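Here is what each chain is made of, one letter per residue.
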Amino acid sequence: MGKYIIRGGRRISGTITVDGAKNAVLPILAAIPLCDGKFVVRNCPDISDTHITIEILKSLCYEINFDKKTLTAVRTKDSTGCVPDTLVDKMRSSIIFMGSLLASGGFVEIGYPGGCELGKRPIDIHLAAFRKMGAKITEREKTVICEAKKLKGCDITLDFPSVGATENIMLAAVRAEGTTTIKNAAREPEIRDLAEFLNKMGANVSGAGESEIKICGVKKLCGAEHTVLSDRIVAGTFLAAAAMTGGEITLQNVIPSDLNPICASLAQSGCIIKGDANSVTLHAPERLSAIDIITEPHPGFPTDMQAQMCAMLSVADGFSVIDERIFSARNKHIPELIKMGADIKMWGNGTVSTIRGVDSLHGAEVSARDLRGGAALIMAAIAAKGESIVKNSEYVERGYSKIEEMFRSLGADIDYQQ
Ligand code: EPZ
């Protein structure tokens with residue numbers, strides 16, 4: 001369990017290049033078992049979730065080479081369709097392999113992902129869709145088994161625009177008999193990137209990024225090359241860190257339109273933001289203004305930026321309200337921020353929090369309890385007066401590659417200790 005030692009009171013300013021998106025690379029790598037052939041995936045972030053996904057592909061008999069953010073994959077022999085429980089336990093989003101394994105081998109057995117730090121994480125929407133496509137689902141205590149000789153295309157309306165369920169259905173449908181239409185589909189940019197990769201493999205996916213996605217099943221798919229889109233949440237994290245410390249930052253290799261919901265809130269809080277084709281620059285105001293945040297499916301404000309905004313607004317001028325509407329327990333960063341002097345109260349079942357901005361935070365020893373909450377605590381420690389220790393770095397390492405080096409290059413006084 002590593003930790004970050006941070007001496008705060010520093011401005012975050014300068015220029016960084018943002019890596020590929022964790023939440024795009026996972027479903028893209030999960031598409032590889034759909035067919036034989038050679039795959040080259042560029043701009044893969046060097047984070048622990050990528051490495052766990054590589055372990056899953058190796059357990060499915062792939063030879064993987066991962067060097068300088070470029071991953072190549074070739075299948076060595078037929079796989080069993082079983083994803084090791086140990087790997088599912090490490091990364092619940094391994095369930096994203098269900099669609100492609102069901103489509104390619106007609107069988108998948110995977111550890112039933114339990115809840116996580118963010119609350120209950122059911123997969124009922126995924127399973128209902130697979131059943132509708134003709135799969136037989138057996139839910140055991142610890143694993144779920146899906147079997148289907150041949151999946152059939154059909155119309156599927158999601159009860160909730162679940163990102164993972166939308167992706168799993170796309171992965172299952174590309175080789176199904178007939179056409180599948182997903183209604184009330186998730187519209188996150190990572191869905192668009194997955195569709196682009198699948199179409200490079202010879203699939204026929206249209207409408208990705210909108211609420212209705214059409215997938216016409218094809219008989220043959222092939223290996224493909226792809227460059228993963230930029231991580232909008234990593235980008236947003238660094239923008240919010242600069243905003244919180246009165247800095248000025250330029251992010252390169254971003255897709256400004258994917259950052260619109262985040263930049264709209266940062267601008268509302270007083271930041272000046274300018275963008276061109278693939279970069280964004282933020283100038284922080286003297287003092288941020290309090291704003292309200294409601295997390296919603298894209299193009300609403302992303303839940304993955306909620307903790308970072310909570311940290312940022314803890315030093316804004318005024319009274320902010322955050323309403324987390326996606327996850328039932330995405331609030332474990334709040335008690336830790338309070339240890340640093342933040343004035344935050346949680347209401348009801350803990351999904352609504354009110355923040356009274358303070359002039360400054362002070363250093364403290366705090367613990368990350370989840371990926372984005374950990375990033376929020378690092379931001380707060382950099383802004384705070386005095387020294388902080390942020391423990392449980394492995395949560396942060398799931399989604400940020402060498403975050404301490406990135407922040408150090410922007411002026412932070414931060415060390416990482418195993
Ligand atoms: C993806 O998770 C992301 N993970 C999450 O990012 C992100 O927070 C989330 O989408 C929402 O944007 C990856 O892409 C790997 P959902 P996912 O299915 O697919 C409920 C991060 O920090 N639900 O859209 O699991 C669910 O409980 C991570 O990078 C069901 O009820 O999210 C939740 O309340 C965290 N039944 C809501 O929908 C289902 O079958 C949104 O979940 C599926 C989901």
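Preceding this section is the structure that the text describes.
Colleague: How do you make sense of the site of the ligand when you look at a structure like this?
Modeller: Close to the ligand lie 24 residues, the nearest being Asp124, Ser162, Asp304, Ile326 and Arg372. Between the ligand and lysine 22, the relevant distance is 3.0 Å, taken from an oxygen atom to a side-chain nitrogen or oxygen of the residue. Within the complex, the protein chains bury 86% of what would otherwise be the 830 Å² of accessible surface of the ligand. Elements that contribute at least two residues to the shell around the ligand include exactly helix 1 (22-30), helix 5 (124-132), helix 6 (163-173) and helix 12 (371-383). Here the residues of the shell around the ligand sort into ten nonpolar, six polar and eight charged.

Colleague: Explain empty space enclosed by the protein to me, please; I cannot follow it from the model alone.
Modeller: To find leftover empty space, a probe the size of one water molecule is rolled over the atoms. Enumeration according to the criterion identifies three cavities of 30 Å³ or more in this entry. Of the voids in this model, the largest cavity is the one considered here, and its volume is about 80 Å³. In terms of lining residues, the largest cavity is bounded by 13 residues, among which Asp19, Val234, Gly399, Tyr400 and Ser401 are the most central. Among the elements of the structure, helix 8 (232-244) and helix 14 (403-409) are those that each provide at least two residues to the lining of the largest cavity.

Colleague: For this particular structure, what's the right way to read unusual backbone geometry?
Modeller: Negative phi values dominate among residues other than glycine, just as trans dominates among peptide bonds. Cis geometry marks the peptide bond from histidine 298 to proline 299, where omega comes out at 10 degrees. Mapped onto the fold, proline 299 is located in the loop between strand 18 (293-294) and helix 10 (306-313). Here asparagine 43, not a glycine, exhibits a phi torsion of approximately 60 degrees, which is positive. With respect to the helices and strands, asparagine 43 occurs in the loop between strand 3 (38-42) and helix 2 (48-59). Take asparagine 43: its relative accessible area is 16%, and that puts it in the buried class. Positive phi outside glycine occurs at asparagine 184, with the angle close to 60 degrees. Locating asparagine 184 in the fold gives a position in the loop between strand 11 (179-183) and helix 7 (189-200).

Colleague: When you look at the environment of arginine 398 in this model, what are you seeing that I'm missing?
Modeller: Here arginine 398 is to be found in the loop between helix 13 (393-397) and helix 14. Along the primary structure arginine 398 and isoleucine 182 are separated by 216 residues, whereas in three dimensions their C-alpha atoms are 30 Å apart. Among the polar contacts listed, one links the side chain of arginine 398 to the side chain of aspartate 49, at a separation of 2.9 Å.

Colleague: Can you walk me through the packing of helix 5 against helix 6 in this structure?
Modeller: How two helices pack is summed up by the angle between their axes together with the distance between the axes. It is the contact of helix 5 with helix 6, at a shortest axis distance of 8 Å, that shows an interaxial angle of 25 degrees. The angle between the axes of helix 5 and helix 6 places the two elements in the roughly parallel class. Of the two possible hands of crossing, helix 5 and helix 6 adopt the one that is right-handed. Between helix 5 and helix 6, the residues in contact are Ile125, His126, Ala129 and Phe130 and Gly164, Ala165, Asn168, Ile169 and Ala172, respectively. In terms of residue class, the contact of helix 5 with helix 6 is made up of six nonpolar, three polar and no charged.

About the cut-offs
- Residues numbered from 1 in each chain as written.
- Predicted model: local features only at pLDDT ≥ 70, side-chain atom pairs only at ≥ 80, totals over all residues.
- Heavy atoms only, no water.
- Near = heavy atom within 4 Å.
- Polar contact = N/O pair within 3.5 Å; in protein donor to acceptor, adjacent residues only side chain to side chain.
- Areas by Shrake-Rupley, 256 points an atom, 1.4 Å probe, with all protein chains shown as cover.
- Helix = DSSP H or I, 4+ residues; strand = E, 2+ residues; numbered from the N terminus.
- Nonpolar A, V, L, I, M, F, W, Y, C, P; charged D, E, K, R; others polar.
- 1 Å grid on protein atoms, 1.4 Å probe; cavity = no way out; pocket = protein on both sides within 12 Å on 5 of 7 lines; lining within 4 Å.
- Points joined across faces, edges and corners; volume = space filled by probe spheres on them.
- Buried < 20%, exposed > 50% of the residue type's maximum accessible area, 1.4 Å probe, protein only.
- Axes fitted to C-alpha atoms, helices over the stretch in contact; angles between N-to-C directions.
- Parallel < 35°, antiparallel > 145°, perpendicular 65-115°, else oblique.
- Left-handed = near helix turned anticlockwise from the far one by under 90°.
- Contact = heavy atoms within 4.5 Å.

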